[in-house]
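What the coordinates show
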Amino acid sequence: MTPSECLSRIPLVRSETGRLSKFWRGFGEKEWTTPTFCPGWAAQDAVAHITTGADFYAHSIRRAAEGLPPEPPYGADAKEFLAVRKEKGDKLMAGPRSALMDAFDASAANVCAALDAVRESDLGKLGWHPRGLTPVDAWIGLRLVELVIHDWDIRHGFDPSVRPTAPGVEGMLTFLPAAQVRHFNVREKEPMSARFLFRTTQPGRAWTMIAEGGKASFRPGPEGAHDAAITADAEALLFLNYGRLSREEAERAGKLKTEGGAALVDALLGVLFAKY
C-alpha cells in the first residue's frame with residue numbers, strides 16, 4: 001500500500017457514504033427493524049453504530065494530523081468511551097428515523113472532511129482507538145470497512161445471497177495486508193517465524209507476511225521464498241478476516257486454498273480469521 005494508493009481511497013469513502021445515505025433514507029419501519037448478519041442487531045443498530053463511529057474517527061484523525069496527544073473524544077478511558085458511545089447510539093435509535101439519518105449525514109460529513117485534510121506526511125501519525133493507537137492511513141481503511149461490511153450485514157438480513165459492492169471490495173483490499181499485521185500483533189498466538197505469501201483473485205493482488213516471534217510485518221508482492229501460500233477470492237479473504245465467513249465454508253466453495261506447511265498455515269489463519 002503506497003501513500004498515494006492509500007489517499008486515493010478517500011473519495012471512495014465519500015461515495016460509499018452518499019450511496020448508503022440514499023439507500024437507508026428509503027427504509028420503512030420493516031427495513032429498520034430487520035435483523036442483520038450481526039447477532040442481536042437490526043438495521044437501525046448498525047446505522048447508529050456507524051454514526052457514532054464517525055464522530056470518534058474524525059476526532060482521532062484530526063488530533064493525529066495536528067500532532068496533538070491521542071485521547072478519546074469523550075470519557076477518560078476506553079471503558080468510559082465505549083459506555084458513552086453506546087448511550088449515544090441508544091438515544092439515536094430511540095428517536096425518529098429521520099433524526100438518525102440526519103445524524104449519520106452530519107457525522108459522516110465530519111469524518112470525510114477530516115480525511116480530506118489528510119496529507120501524505122500525516123499518514124504515519126497515531127490516533128486514539130480503544131484497541132490501541134492507530135496510524136492515520138489505517139483509519140481510511142477502517143472507515144471503508146465499516147461502511148462496506150455493515151452495508152452487507154444489513155442487506156444480508158433481506159437476502160442472504162447478497163454480495164458486497166465491487167468498488168468496496170477493491171478499496172478494502174488496499175488496506176488488508178496492514179490490517180492483518182495489526183490483528184496479528186495484538187491477538188493471542190504462539191510465537192512463530194515464517195514467511196507467508198498471500199494471493200487474491202478478483203481482483204488480483206499479492207503480498208508477503210513475515211512473522212517473527214510475536215510480531216509481523218508485510219511486503220508488497222511475492223518477495224523471496226515462502227514457507228506457505230494462501231490463495232483466495234478477494235471477497236472471501238476479506239470476509240474471513242472480518243468474521244463474515246468461516247474457513248470451512250470458503251474451502252468447500254473453492255474460494256480458499258493453501259500450500260506449504262499445514263501446521264504453520266493453521267496457526268496463522270487461526271490468528272487472522274475472525275470468529276463472529
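First things first, this report covers the structure right here in the doc. (Residues numbered from 1 in each chain as written. Predicted model: local features only at pLDDT ≥ 70, side-chain atom pairs only at ≥ 80, totals over all residues. Heavy atoms only, no water.)

A count of helical and extended segments in the chain gives 11 helices and 7 strands. Looking at the 276 residues of the chain, the share that counts as buried comes to 48%. Counting only contacts in the chain whose residues sit at least 6 apart along the sequence, the fraction spanning at least 24 positions is 71%. Counting every atom, the chain has about 12,500 Å² of accessible surface; 55% of that belongs to carbon and sulfur. Measuring between centres, the 34 positive side-chain charges of the chain sit 1 Å from its 35 negative side-chain charges. (Helix = DSSP H or I, 4+ residues; strand = E, 2+ residues; numbered from the N terminus. Buried < 20%, exposed > 50% of the residue type's maximum accessible area, 1.4 Å probe, protein only. Contact = heavy atoms within 4.5 Å. Areas by Shrake-Rupley, 256 points an atom, 1.4 Å probe, with all protein chains shown as cover. Lys, Arg positive; Asp, Glu negative; His and termini not counted. Charge placed at Lys NZ, Arg CZ, Asp CG, Glu CD.)

Taken in spatial order, the 5 strands of this open sheet run β5-β4-β3-β6-β7, and their pairing is mixed. A strand with exactly one partner marks an edge of an open sheet, and here the two such strands are β5 (215–220) and β7 (256–260). Strand after strand, the sheet turns through a mean of 20° between neighbouring axes, direction not considered. Of the pairings in the sheet, the one linking strand β3 (residues 192–201) to strand β4 (residues 205–213) comprises 9 bridges and is antiparallel in character. Pairing of S193 across the sheet is with E212, part of β4. Strands β3, β4, β6 (228–233) and β7 of the sheet are contacted by helix α9 (residues 234–241), whose axis makes an angle of about 105° with β6. Of the strands in this sheet, β3, β4, β6 and β7 touch helix α11 (residues 262–272), which is tilted by about 75° from β3. (Pairing = 2+ DSSP bridges. Axes fitted to C-alpha atoms, helices over the stretch in contact; angles between N-to-C directions.)

At a minimum axis separation of 8 Å, helix α4 (residues 43–65) and helix α6 (residues 97–116) run at an interaxial angle of 30°. One finds that α4 runs roughly parallel with respect to α6. Here the hand of the crossing between α4 and α6 comes out left-handed. Between α4, through Q44, V47, A48, I50, T51, A54, D55, Y57, A58, I61 and R62, and α6, the contact on the second element is made entirely by R97, L100, M101, A103, F104, S107, A108, N110, V111, A113, A114 and L115. Class assignment for the residues of the contact of α4 with α6 results in 16 nonpolar, 4 polar and 3 charged. (Parallel < 35°, antiparallel > 145°, perpendicular 65-115°, else oblique. Left-handed = near helix turned anticlockwise from the far one by under 90°. Nonpolar A, V, L, I, M, F, W, Y, C, P; charged D, E, K, R; others polar.)

Further remarks concern unusual backbone geometry. Following Q202, the chain continues to P203 via a peptide bond in cis, the omega torsion being 0°. Within the secondary structure, P203 sits in the loop between β3 and β4. Within the chain, Q202 stands out as a residue other than glycine whose phi angle is a positive 55°. Mapped onto the secondary structure, Q202 falls in the loop between β3 and β4. Classification of Q202 by relative accessible area gives exposed; the value is 63%.

In this section: the environment of D122. Checked against the element boundaries, D122 lands in the loop between α6 and β1 (126–127). Each C-alpha atom, one on D122 and one on K86, is 30 Å from the other, the two residues being 36 residues apart in sequence. For D122, the contacting residues outside a window of four places in its chain are A65, A117 and V136. Among the polar contacts made by the side chain of D122, one reaches the side chain of K125 at a distance of 3.0 Å. (Polar contact = N/O pair within 3.5 Å; in protein donor to acceptor, adjacent residues only side chain to side chain.)

For the rest of this paragraph, the subject is helix α8 (residues 166–186). Working note: α-helix, 3.6 residues per turn, so residues spaced by three or four point in the same direction. In this model, α8 (21 residues) spans 29 Å end to end at C-alpha, consistent with the 30 Å of a helix rising 1.5 Å per residue. A bend of about 45° at L176 is the largest found in α8, and the proline P177 appears one to four places after it. (Expected span 1.5 Å × (residues − 1). Bend = angle between axes of the 7 residues up to and from the residue.)

Taken as a whole, the largest pocket spans an internal volume of roughly 870 Å³. The wall of the largest pocket is formed by 30 residues, among which H129, R131, L142, H183 and Y242 lie closest to the centre. Elements supplying a minimum of two residues to the lining of the largest pocket: α4, α5 (78–94), β2 (134–135), α7 (136–158) and α8. Sort the elements by how many residues they give to the lining of the largest pocket and α7 lands first, with 5 residues. (1 Å grid on protein atoms, 1.4 Å probe; cavity = no way out; pocket = protein on both sides within 12 Å on 5 of 7 lines; lining within 4 Å. Points joined across faces, edges and corners; volume = space filled by probe spheres on them.)

Glancing now at the side chain of D153. Looking at the element boundaries, D153 is found in helix α7. The buried category is assigned to D153, whose relative accessible area is 0%. Of the polar contacts made by the side chain of D153, one reaches the side chain of R244; its length is 2.6 Å.

Now for the state of the cysteines. In this structure the tally under the stated criterion is 0 disulfides. With no disulfide partner, C112 has as its closest neighbouring cysteine sulfur the one in C6, 14 Å distant. Relative accessible area serves as the criterion here: at 3%, C112 is assigned to the buried category. (Disulfide = S-S within 2.5 Å.)

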